[in-house]
Amino acid sequence: MDIFVSYASEDRERIAPLVAAFESRGWRVWWDQHIHAGPRFRDAIEQALNDCRCVVVAWSRASVASDFVIDEATRGKEMNRLVPFLLDDVKIPLGFRAAQTARLLDWPDKPGDLDLLLTGIQATLDGLASPSRAPSEAPGRARIFAGIAAAVVAVIGLAFYGYRTFEPPPPAAAHNSIAVLPLNNVSRAASESFLVEGLHEALIANLSKVSALTVTSPGSVRRVDRDLPLPEIAQLLGVAYVIEGSVMREGDQIRVIVQLVDGASGENRWSETYDRRLERVLALQAEITRTIADQVSVALTPEDERNVSAIEQMRPDTYEAYLQGMFELRRETLRGYRSGIRIMQGALEQDPDSALAHAGVAIGYSMLGHNFFPETALPKAREAALKALALDDSLPEVHLAMGMYKMYFEWHWPDAERYLLRALQINPSLVDAHYHYAWLLELLGEEEKALLHGEQTRTLSPLSSFYNGWLADQYRALERFDEAIAQAHYTISLNERYPLGWFALGNTHADMQNFDQAITAHEHLRDSYFWSWALGGTYAKAGQTGAAREIAASIEPEEDNAIPLTLIAAALGDEDDMYRWLEAARDTRLSWYPWLVAWFPATAPYRDQPRMQALAAELGLASEPVNQAEHHRIVRPERLEFAAVSQ
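Since we're looking at a predicted model, the values are computed, not measured. (Residues numbered from 1 in each chain as written. Predicted model: local features only at pLDDT ≥ 70, side-chain atom pairs only at ≥ 80, totals over all residues. Heavy atoms only, no water.)

Caption draft 1: Just the overall build of the protein chain, in detail. Looking only at helices and strands, the protein chain features 28 helices and 11 strands. Buried positions account for 56% of the 647 residues belonging to the protein chain. Looking at the protein chain as shown, the accessible area adds up to about 26,900 Å², and 50% of this sits on carbon and sulfur atoms. (Helix = DSSP H or I, 4+ residues; strand = E, 2+ residues; numbered from the N terminus. Buried < 20%, exposed > 50% of the residue type's maximum accessible area, 1.4 Å probe, protein only. Areas by Shrake-Rupley, 256 points an atom, 1.4 Å probe, with all protein chains shown as cover.)

Caption draft 2: View of the packing of aromatic side chains. Summed over the entire model, instances satisfying the criterion amount to 23 aromatic pairs. On the basis of an interplanar angle of 65 degrees and a centroid distance of 5.8 Å, the ring pair of tyrosine 435 and tyrosine 467 is categorised as edge-to-face. Residue tyrosine 435 is found in helix 17 (residues 431–443), and its partner tyrosine 467 is found in helix 19 (residues 465–477); the two are separated by 32 residues along the sequence. Both residues of the pair, tyrosine 435 and tyrosine 467, belong to the buried class. Ring plane angle 75 degrees and centroid distance 6.4 Å describe the contact between tryptophan 533 and phenylalanine 600, whose orientation is recorded as edge-to-face. Separated by 67 residues along the polypeptide, tryptophan 533 in helix 23 (residues 533–541) and phenylalanine 600 in the loop between helix 27 (593–598) and helix 28 (610–618) bring together distant segments of the chain. One exposure class covers both tryptophan 533 and phenylalanine 600, and it is buried. Through a chain of ring-to-ring contacts, the aromatic side chains of Trp439, Trp470, Phe503, Trp531, Trp533, Trp592, Trp599 and Phe600 assemble into a single cluster. (Phe/Tyr/Trp six-rings, centres within 6.5 Å; stacked < 30°, edge-to-face > 60°.)

Caption draft 3: Expanded view of the nonpolar core. The biggest cluster of nonpolar side chains holds 96 residues, and the ones touching the most others in it are Trp59 and Tyr319. A per-element tally of this core places helix 13 (residues 355–369) first, with nine residues. (Core = buried A, V, L, I, M, F, W, Y, C linked by side-chain atoms within 4.5 Å.)

Caption draft 4: Molecular detail of the sheet that holds strand 2 (residues 29–30). The strand order 2-1-3-4-5 describes an open sheet built from five strands, whose pairing is parallel. Edge positions in the sheet fall to strand 2 and strand 5 (102–103), since each has one partner strand and no second. Pairing of strand 3 (residues 54–59) with strand 4 (residues 82–86) involves five bridges; the strand directions are parallel. Its bridge partner being in strand 4, valine 56 is matched across the sheet by valine 83. On the sheet, helix 1 (residues 12–24) packs against strand 1 (3–6), strand 2, strand 3 and strand 4 and is oriented at approximately 170 degrees with respect to strand 1. (Pairing = 2+ DSSP bridges. Contact = heavy atoms within 4.5 Å. Axes fitted to C-alpha atoms, helices over the stretch in contact; angles between N-to-C directions.)

Caption draft 5: Quick look at the pairing of strand 11 (residues 268–277). Here strand 10 (residues 253–262) runs beside strand 11; their pairing, made up of nine bridges, is antiparallel. Among the inter-strand pairings, arginine 255 is bridged to a residue of strand 11, identified as aspartate 275. In this antiparallel pair of consecutive strands, strand 10 and strand 11, the connection spans five residues, and glycine 266 shows a positive phi of 80 degrees.

Caption draft 6: Fine view of helix 10 (residues 302–309). Among the residues making up helix 10, those that are buried are Asp304, Asn307 and Val308. Seen from one end, helix 10 has its buried residues packed into an arc of 95 degrees, which puts them on one side. Looking at helix 10, the residues exposed on the side facing more than 90 degrees away from the buried face are Pro302 and Arg306. On the buried face of helix 10, the contacting elements are helix 6 (193–207), helix 9 (281–295) and helix 16 (413–426). (Arc of directions from axis to C-beta.)

Caption draft 7: Just unusual backbone geometry, in detail. Omega for the peptide link from tryptophan 107 to proline 108 comes to 5 degrees, which places this bond in the cis form. Examined against the element boundaries, proline 108 turns out to sit in the loop between strand 5 and helix 4 (114–126). In the Ramachandran plot, serine 297 falls in the positive-phi region, its phi being about 60 degrees despite a non-glycine side chain. Among the structural elements, serine 297 can be located in the loop between helix 9 and helix 10.

Caption draft 8: Structural context of the pairing of strand 10. Here strand 9 (residues 241–250) pairs with strand 10 via 10 bridges, running antiparallel. Note that in strand 10 the partner of glutamate 244 across the bridge is glutamine 259. Hairpin geometry of strand 9 and strand 10 is characterised by an intervening segment of two residues between the two adjacent antiparallel strands and by a positive phi of about 65 degrees at glycine 251.

Caption draft 9: Local environment of the pattern of salt bridges. In the structure shown here, the tally under the stated rule is 28 salt bridges. Ionic pairing is found between aspartate 511 and arginine 476, a salt bridge with its closest N-O pair at 2.7 Å. Linking aspartate 511 in helix 21 (residues 499–511) with arginine 476 in helix 19, this pair joins segments that are 35 residues apart in sequence. You can call aspartate 511 partly exposed: its relative accessible area is 28%. We classify arginine 476 as buried; its relative accessible area is 4%. Note that glutamate 483 and arginine 480 form a salt bridge whose closest N and O atoms lie 2.7 Å from each other. Taking relative accessible area as the criterion, glutamate 483 reaches 34% and is therefore assigned partly exposed. In this structure arginine 480 comes out as partly exposed when scored by relative accessible area, which is 27%. (Salt bridge = Lys/Arg side-chain N within 4 Å of Asp/Glu carboxyl O.)

Caption draft 10: Geometry of the packing of helix 17 against helix 19. Relative orientation of the contacting elements helix 17 and helix 19 amounts to 20 degrees, with a least axis distance of 12 Å. In this view, helix 17 runs roughly parallel relative to helix 19, as classed from their interaxial angle. Once helix 17 is placed against helix 19, the crossing between them reads as left-handed. Contact residues: Val431, Asp432, Tyr435, Ala438, Trp439 and Glu442 in helix 17; Phe466, Tyr467, Trp470 and Gln474 in helix 19. (Parallel < 35°, antiparallel > 145°, perpendicular 65-115°, else oblique. Left-handed = near helix turned anticlockwise from the far one by under 90°.)

Spelled out as C-alpha cells, the structure:
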C-alpha cells in the first residue's frame, strides 16, 4: 500500500476527488469508505497504517477535534511518513505545527498547493526526504538531491556503525525464569482475540506475583518468531522454562490447555486441560500458577499465596469488558488508551464495585498521562487508583499508577518510592515498575541502584527497543561508554527505525567528544517526531551553532515543546531561553520537568547557578530543605533504606 489517507468523515466528499488524483498517478490508496465500524474497522485501520509507505493527513475543522485523525497522524510521524495538508484554515493540533503543510483551502474548486502536496508524497514514497519538519529550501531538484545526499550519509553511517551485523549475546537463563508464549486462539474467531490476549496477560501477571519466579514481559514474548524451535526461543528470551497454551470459547464456557516445556531440551514437563465458565477464569489463573510453581520446585511465600489468591469474583460481563478494555490499551496509541478507558468506565456504570475495572481505568489514564500531551490524565489515574485500592490493595498495577501520579504530577518523591516499591513487592516481574523506579532513582542521584532496575527491565523484556534504549542511556550517564555503545547497537538491531537506540548512541559519542560520530547517529533523528531536538543539541556541542539554531527555529515555540526548546537552548548557552522554557515546563506540569532540572546532561553546566538551584529547591532536589509553607506538596526526599528488590 502506498498511501493511507487520514481524514474526518464529514470531509469525505472533498477527499474523494483528491483520492482520485492520487490514484491517477498510479499510487495505491487506502481510505475507509468501504469498511464498517466495529472491531474489524479498528483492525483494518491498524493493518493499513502498518502496511502503508505514506500517511496523508487532512487537517480541517472536523479533523482537528478527531481522536482518530490525531492518532493516525501521530503514527505517521512516529514512522517518519507523515505528509499533512490544510483542508480548512484551522489551527493545527499541538505537536504537528512544525511540519511543512500544503494549503488546499478551496479544494476542489482551486488546486492551491496541490503540487507541493504531491511532491511531498513522492519524496516520502521514494524515501528521499521526510516532510515532518519544515525544510530549509523549497521543493524541487535541490531538495531531492539533498534527500539523496542524506540517504548516502545514512548508508555510510550504517556501514560505519555496523549495526546490521551486530549479534548481541543471548541473555543467560536465570534460575526459575519463565516465558509464557502467546496463547493460540483455537476457535479461530477474530472476535475472541481480546479474550485470548487477556487470558495470556492475566496468566503472566499471576505468575509474576510469585517472588521466586522471573517472568518475561508480554511485550517481548509477542515479538518472538513462533516458528523457531522452543530451545531457541528460550535462549533468545533468556529463560529456563517456556509455557505454551491454547484457548477455546463456546458461549460462557472456556477451555484452556497449558503445557510447561524445559527451555534447554524442549521436553514437555507438564500439561493440563481446564474447562471453566467465564466467571471462574480468574480463579483458574491462581490454580495454574500454584501448579507451575510446584512443577519448577518453587515454594510460595505466605505473601505470594495471599497475592495469588486475592481473586475478585467478577460478573462475566464486567470481566469481558475489562479484557476488551485492556485489549485496547495494549494498542499503545492515544485512541487505544481512550477507547480502553471508555469501555471499562461503561462496565463500572453497571458494576461500580469492581476493583479490577477501576484498576484498568487507572492504568489507562497513567499510560495516557505519561506522554508528551498529558492533559489531565494523571489526576484521573489517581482517582481511579484510590477507588481500586479501597476495594483491593493487592493489585500491583494500581500501586504503579499511584506511583506514577506522585512521581510525574505531584513530584512527591517519598510517596512515589513507596508506591513503586509496593508494586514490585507484589509483582517483582512488573517491568514498568522497574522502569519508572529506575528513573526516580536517577533523579535522586542513586545512579548505581537505578542501573540495577534498568538492567532488570532488559531481563524481563529482552526484545523491547524501549527498555533497551533507555538502559543504554543509563550506561552513558555512568560513563560506562563501552557498555552504552554496545547496548545502543543492540537496540538498533532490534528496530533500526526506533529512535532511542540512535538517541543513546549519539549521546554517548557526544559525551566522549566524538562529535562526528554523534552527529552521524543523531542524523537518524532529524525527521523523527519529537526526537529531532537531539541533533540540535549535538550540533551545539560540536560548535555548529548555525545548524543548531536552524533546528531550534523549526520547533513551534509553544509550551508543549518546552522539553526540546530547553535542551537546545541549554546546549547553545542561551540561558534566558533555557530558563524561560524550564519555567513553562514547570507551570504546565510536564512530566519530564524535574529531569530537565536535575538529570539531563545539557543542563548540568547550570546546576550550580542560584536560579537553577532555586528550581531544584522547589522540587525538593536541592541540598537545602525547601520552604514547606510555600511548597507543601513538594518535599525533600528522605534518605531511607529500602528492602532490596530481587534481581
